[in-house]
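# Structural features, examined
Given next are the chains, with one letter for each unit.
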Amino acid sequence: MSEAETVRATDRMHTSARILLVVLWVILFLAGLAGDRPVATAIHRAGIDAIFFDAKHHTRWFTSVLKFPGTFWFTLCIVGGLLGLKKLRPRQAVFILLAGVMSGINWLIKWSVGRMRPFKFPGSDQLYPFRFQPFCNGLWGLFHQKDLSFPSGHSCTAFSLAMAIALVKPKWAWIFLILACMVGAERVWESAHYLSDVVAGAGVGAGGTLVVYWLMGRLENPALRGTSEPASELNAL
């Protein structure tokens, strides 16, 4: 098999993998939508969200630790640490940081969708998972968001980092995937988000990272891995 045929075969394999990931995400998202109300209700009735959120239980530090991997500060710490240990090339570091910045698109989506956090719907303490207020409070609301939940910003950032690490340092991917799942679980346990918010955040974060990866591959061929790989290899999962 010639080199060109090998590249085409690899591209087809990677395309199939991407399609499989999208199908899996859709299934999880639909399952999340179905579980939004019952899961949020069960957590609230059991008082789990109060334990995570109420400072009287002395657990606020614990929740802060659990969701820290879902912040851009954590991404900065990881990139800085790996650069200091010479485990990342500069271009790889730039890629991971740009992926983290791309995850910030969740801010615009939240405002556009207008879904409120569990038990935070204006004027009521009831659960309304499928009532939406798109473009809530107009342009002012875009820059003064409060209690908007779809998608989960922490999950978006955490899964963006996990996908970025999977692309440049595949052997470490499982560690960051576990951390991202931990962040998502904490957001649900705290009643800060519905299940589907977390799944949507994961999709937006991972998808945004793939977009950045593809763009950098096009602009800097060869780029991220510091090798002479062709663009098709660089852009593939």
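This section reports on the structure supplied with the text. Computed from a predicted structure; not experimentally measured. (Residues numbered from 1 in each chain as written. Predicted model: local features only at pLDDT ≥ 70, side-chain atom pairs only at ≥ 80, totals over all residues. Heavy atoms only, no water.)

## Some thoughts on the packing of helix H4 (residues 72-84) against helix H5 (residues 90-102)
Where H4 meets H5, the closest approach of the two axes is 10 Å, and the angle between their N-to-C directions is 175°. Here H4 lies roughly antiparallel to H5, going by the angle between them. The residues of H5 that touch H4, namely those facing Phe72, Thr75, Leu76, Val79 and Leu83, are Pro90, Ala93, Ile96, Leu97, Gly100 and Val101. Within the contact of H4 with H5, the residues separate by chemical class into nine nonpolar, two polar and no charged. (Axes fitted to C-alpha atoms, helices over the stretch in contact; angles between N-to-C directions. Helix = DSSP H or I, 4+ residues; strand = E, 2+ residues; numbered from the N terminus. Parallel < 35°, antiparallel > 145°, perpendicular 65-115°, else oblique. Contact = heavy atoms within 4.5 Å. Nonpolar A, V, L, I, M, F, W, Y, C, P; charged D, E, K, R; others polar.)

## As for H4
The terminal C-alpha atoms of H4, which comprises 13 residues, lie 18 Å apart, in line with the 18 Å expected from a rise of 1.5 Å per residue. Within H4, the full set of buried residues consists of Phe74, Thr75, Ile78, Val79 and Leu82. Looking straight down H4, one finds its buried side chains confined to an arc of 130°; they lie on one side. Residues of H4 that are exposed and point more than 90 degrees away from the buried face comprise Trp73 and Gly84. On its buried side, H4 packs onto H5, helix H8 (153-168) and helix H9 (173-189). Immediately beyond the C-terminal end of H4, within one or two residues, lies Lys86, with a positive phi of roughly 60°. (Expected span 1.5 Å × (residues − 1). Buried < 20%, exposed > 50% of the residue type's maximum accessible area, 1.4 Å probe, protein only. Arc of directions from axis to C-beta.)

## Details of the environment of Trp25
Structurally, Trp25 can be placed in helix H1 (residues 3-46). Considering only alpha carbons, one finds Trp25 and Ala202, 177 residues apart in sequence, at a separation of 8.7 Å. Beyond its immediate stretch of four places on either side in the chain, Trp25 contacts Val199, Ala200 and Gly203.

## Section: the nonpolar core
Counting 26 residues, the largest nonpolar core has Ile78, Leu88, Phe95, Ile96, Leu161, Ile165 and Phe176 as the members making the most contacts within it. Only H4, H5, H8, H9 and helix H10 (195-219) provide two or more residues apiece to this core. Looking at this core element by element, the count peaks at nine residues for H8. Residue contacts for Ile165: discarding those within four places in its chain leaves Leu82, Ile96, Pro170, Trp172, Ala173 and Phe176. (Core = buried A, V, L, I, M, F, W, Y, C linked by side-chain atoms within 4.5 Å.)

## So, the side chain of Asp36
Note on placement: Asp36 falls in helix H1. Only 3.2 Å separates the side chain of Asp36 from the backbone nitrogen of Leu195, close enough to count as a polar contact. If near-sequence neighbours (up to four positions away) are discounted, Asp36 is found in contact with Arg115, Pro129, Phe130, Tyr194, Leu195 and Ser196. (Polar contact = N/O pair within 3.5 Å; in protein donor to acceptor, adjacent residues only side chain to side chain.)

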